[in-house]
Structure formats: structure tokens, C-alpha cells
Amino acid sequence: MWASQRAQGVPTSVFSVMDAALGRARAAGLQVIDLSIGSSDLAPPVQALDALRDATHDPGSYRYPLFSDTRPLRQAAAAYLGRRYGVLVDAEREVLPLIGAQEGLAHLLLAVTDPGDTLLLPDPCYPPYLGAAAVAGLNVIPLPLLPERGFLPDLESLPADLRPRVLLLNYPNNPTSAVADAAFFAETAAWCRARGTLLIHDHPYAELTFGDYQAPSALQAGTDGIVELHSLSKTHHMGGFRVGFAAGDAGAVAALGRVKGAIDFHPYLGIQRAATVALGLPDSLGREGARVFEQRRDALLPALREMGWVVQTPQASMYLWAQVPGLTDSVAYAVQVAETTGVALSPGRAFGQGGEGFVRFALVQPPEVLVEAAGRLRTVSGGVSAERPTPVADATLPL
């Protein structure tokens, strides 16, 4: 009765179905291995925790934070972008703290679009993108991310007269773990500028890279017409703290600030202080966390390939995106797996129609638990044909 059209337009979460399936697994006495949610199980930097603890005993941290109170965090974010990417941004005009990048994206779409505007959205994509687009009342055009293109969009295949208001991208990518290089962002930025399109780049996996690969920033192509969203949830394992920042085009950042000003007072000052400390820590600390996820990747990959599943070797992120041979209903399969084995996966269709036939593993358990999970999966055949494609060799995702 009371749900608005905006609320009714938000897609129903498949993850509620998965949660119910896990409830049935627990009731049956199964030990649950939850690999469905990409929430880091690693601890935040101790220096950040110390800063937060100290702040809780500072009466000055209890009040509403004003924009001027965010200056230390904005400056730390600007310094981080300069140190890591050589990107120069104005901390006063081009950086804004967020209560998590997910909040930032939803409010950014409200700030820079009007109902009926066109949003180019990858398919598959992180499910909250679809909800944010629905709340903003946008016309969504799916942008297929195909394995044969390394899960990169083919912008040149779009109609020449298309003038979308926003293009939203995310590399390293969720759910596919695909990566992009600086040349890709330069070409994409040029494509957007030629059409008056704002490029929004969601960049929560910036530090979770493996081997010699380093993820670029879209802002290396300039700040004009580009906004990049950063989160400390994955890079610093501070998911529950809900803190991140937007950086880039001054006009878009100012519009975001106006919308947020009607809704929130910025993160708690103690959390801002913890984030400020975290962003200033040596880059080597971030590499330590990345190595943990790389070791988990290397443990799970061969176990899945032995089953005939098609899984490429990701160079970044905290996921494996696996194509299951013969799978036509990933939701039914994931529910069956959860109920019969206690292993929770994310069904590919939860990320859009382009995800059908795939499942996503979040590498949020130690290697031995991941291998055990793969062993349990061998007992499930429902929805999977007997055909076994040739396993993919140890190939990395193309740039």
C-alpha cells in the first residue's frame, strides 16, 4: 500500500532466497560454508583501530560532523590518489567522504541525473547498481560483458547517436574479476566526453591485485567528466565501518554534496579518523591482504577445473567467476547446493541476465575450507549436464 513506484522498482534480492536455503541447511545439521557475500574476513589495520578507539574517548567526536570536519579525510584521500596513481585532485572541490561507496553511488545517480535519463550499465553487474538505478528512475541500457572480450564492454557497437547521461563501470570487476588497463580508461573517457556522458568508476578492489598487476584509476584520464568511488571495505577490510570517498569532476562532486547534505552528516568522526590513518599507511600493508586472497585463489582454482568448470585466473579482486557446464538455472542450482551441501554461492543470475550459467565464489575462507567446499560440490549434479568441456588452461583475463 505504501510502497512508492521507486521502491517497487527495486529488484527483489536473490540473496534472500539464498539466506532461506542456508537456514534449511542449518536446520538439517549441515555445517555452512558461506562463499556468497564478498565481505572481507581479514582484520583492519591495527593503526586504524587504534585511532577509532582513541576517538571514542574524545567528547569532541560525538557531535554531528560538518563538511569542514571532513578536511583531514579529504586530504588523506587526495594524497592517496596522488601517491598511488599520480592523480592530482583538489581536496576542497574534488573529494567527498562517503558512508560507503554503495551509498555514494545511489546518491550520486540522484545528484547527476533526472528521471528518464539513460544509464549504461554492465551486464552482469553488482546487484545494488540495479537498485540505485531504479530509485533514480533511470532508463537502463544493458552493456554486455562477454568472456570472449575479457568481460570488457564494446562501446563501439552502440548506436552512434546514443547520448547516455551516465556510464557506470567497475574494474577490477564484480562479479567477473576482470581487469582493465589505463589505455582502456583513456579510450572510454574520450568516448564519454564526446557524448556528454559522465563516467562513474566504482573502484572498491583497487588494492586487491595479484602478482605484478596494478589496477589503474579512471582519474588517470583526467577528472573532467569522471567520478571515481573508493571504499575502505575491501582495500582495508573495514566493511562494517561504512566509509569511502568520491573523487573527480568538481561539478558532479558538488552536486553529490548537495544531495548528501539533505540526507546525512558524513561518517562518525572516529571512523573518519580511522580512515584517514588507513589511507596514509604504507602501500605494502595492502599488498599483504592481497596475497592472502591470491593464495586462496590458487587453492580453489584447480579444484574447480578438475570438475570441468570454466574458470579464468583473475589478476585481482576477491572472487572466482565460474561457468558451470550445462547450467541453465543458476538460482535453482545455488539453492540446491546450499540445501544439500551447506555451501553458499552467489548465482550468476543475481548479477543480471548476462550472469546466467555462472556462479560466483567469494574467497572469504581459508584455503583448506575452500577446497572442502569444492569437494562438497562434486556431490551435486542437479541442473548440470553430463557434458564436460575442456578445462581452460591457466590463462589470465585479458586486459
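Not measured: the values here are computed from a predicted model. (Residues numbered from 1 in each chain as written. Predicted model: local features only at pLDDT ≥ 70, side-chain atom pairs only at ≥ 80, totals over all residues. Heavy atoms only, no water.)

The number of helices and strands found in the chain is 13 helices and 13 strands. The C-alpha radius of gyration of the chain comes to 21 Å, within 12% of the 21 Å expected for a compact globule of 399 residues. Considering only residue pairs separated by 6 or more positions, the chain has 77% of its internal contacts joining residues 24 or more positions apart. Summing over all exposed atoms, the chain offers an accessible surface of approximately 16,300 Å²; the carbon and sulfur share of this is 55%. (Helix = DSSP H or I, 4+ residues; strand = E, 2+ residues; numbered from the N terminus. Rg over C-alpha atoms; globule rule 2.2 N^0.38 Å. Contact = heavy atoms within 4.5 Å. Areas by Shrake-Rupley, 256 points an atom, 1.4 Å probe, with all protein chains shown as cover.)

Across the interface, helix 5 (residues 101-112) lies against helix 9 (residues 250-261) with an axial gap of 8 Å and an inter-helix angle of 105°. In terms of orientation, helix 5 lies roughly perpendicular with respect to helix 9. Contact with helix 5, carried on its side by Glu-103, Gly-104, His-107, Leu-108, Leu-110, Ala-111 and Val-112, involves Ala-252, Ala-255, Leu-256, Val-259 and Lys-260 of helix 9 and no other residues of that element. (Axes fitted to C-alpha atoms, helices over the stretch in contact; angles between N-to-C directions. Parallel < 35°, antiparallel > 145°, perpendicular 65-115°, else oblique.)

All right, on to unusual backbone geometry then. Residue Pro-124 is reached from Asp-123 by a cis peptide bond, and omega for that bond is 10°. Structurally, the position occupied by Pro-124 is in the loop between strand 3 (118-123) and helix 6 (127-136). Going from Asn-174 to Pro-175, the amide bond is cis rather than trans, its omega being 20°. By the element assignment, Pro-175 lies in the loop between strand 5 (166-169) and helix 7 (182-195).

What follows concerns helix 5. Here helix 5 spans 16 Å end to end across 12 residues, near enough to the 16 Å set by a 1.5 Å rise per residue. Taken together, the buried positions of helix 5 are occupied by Ala-101, Glu-103, Gly-104, Leu-105, His-107, Leu-108, Leu-109 and Val-112. (Expected span 1.5 Å × (residues − 1). Buried < 20%, exposed > 50% of the residue type's maximum accessible area, 1.4 Å probe, protein only.)

Applying the stated criterion across every chain yields a total of 18 salt bridges. Across the pair Arg-63 and Asp-69 runs a salt bridge whose closest N-O atoms are separated by 2.7 Å. You can call Arg-63 partly exposed: its relative accessible area is 45%. A salt bridge links Arg-71 to Glu-92, with the nearest nitrogen and oxygen atoms 2.9 Å apart. Of this pair, Arg-71 sits in helix 4 (residues 71-85) while Glu-92 sits in the loop between helix 4 and strand 2 (95-98); the two residues are 21 residues apart in sequence, bridging distant segments of the chain. Judged by relative accessible area, Arg-71 falls into the partly exposed class, the value being 32%. Take Glu-92: its relative accessible area is 36%, and that puts it in the partly exposed class. Through salt bridges with shared partners, a single ionic network connects Arg-71, Arg-74 and Glu-92. (Salt bridge = Lys/Arg side-chain N within 4 Å of Asp/Glu carboxyl O.)

A few words on the pairing of strand 10 (residues 319-323). Most of strand 10 sits inside the fold, with 4 of its 5 residues counted as buried. With 2 bridges joining them, strand 9 (residues 310-311) and strand 10 adopt antiparallel strand pairing. What sits directly across from Val-310, in strand 10, is Gln-323. (Pairing = 2+ DSSP bridges.)

The next point concerns the sheet that holds strand 13 (residues 358-362). Sheet architecture is open: 4 strands sit in the order 9-10-13-12, paired in antiparallel fashion. Each edge of the open sheet carries a strand with a single partner, namely strand 9 and strand 12 (346-347). Across 2 bridges, strand 12 lies against strand 13 in antiparallel orientation. Among the inter-strand pairings, Ser-346 is bridged to a residue of strand 13, identified as Arg-360.

Under the UniProt annotation, the feature "domain: Aminotransferase class I/classII large" (unreviewed entry) is placed at residues 32-376. For residues 32-376, the helix share is 39%, the strand share is 16%, and the end-to-end C-alpha distance is 11 Å. (UniProt positions renumbered as here; feature names shortened; annotations may be inferred.)

With 12 residues, helix 9 should reach 16 Å at 1.5 Å per residue; the first-to-last C-alpha distance of 16 Å fits that figure. The set of residues buried in helix 9 consists of Ala-250, Ala-252, Val-253, Leu-256 and Lys-260. One face of helix 9 carries all of its buried residues, which in axial projection span an arc of 160°. Facing away from the buried surface of helix 9 by more than 90 degrees, the exposed residues are Arg-258 and Gly-261. Those residues of helix 9 that are buried are in contact with strand 2, helix 5, strand 6 (198-202), strand 7 (226-231) and strand 8 (244-248). Near the N-terminus of helix 9, the side chain that reaches the backbone nitrogen of Gly-251, with its oxygen 3.0 Å away, is that of Asp-249. (Arc of directions from axis to C-beta. Polar contact = N/O pair within 3.5 Å; in protein donor to acceptor, adjacent residues only side chain to side chain.)

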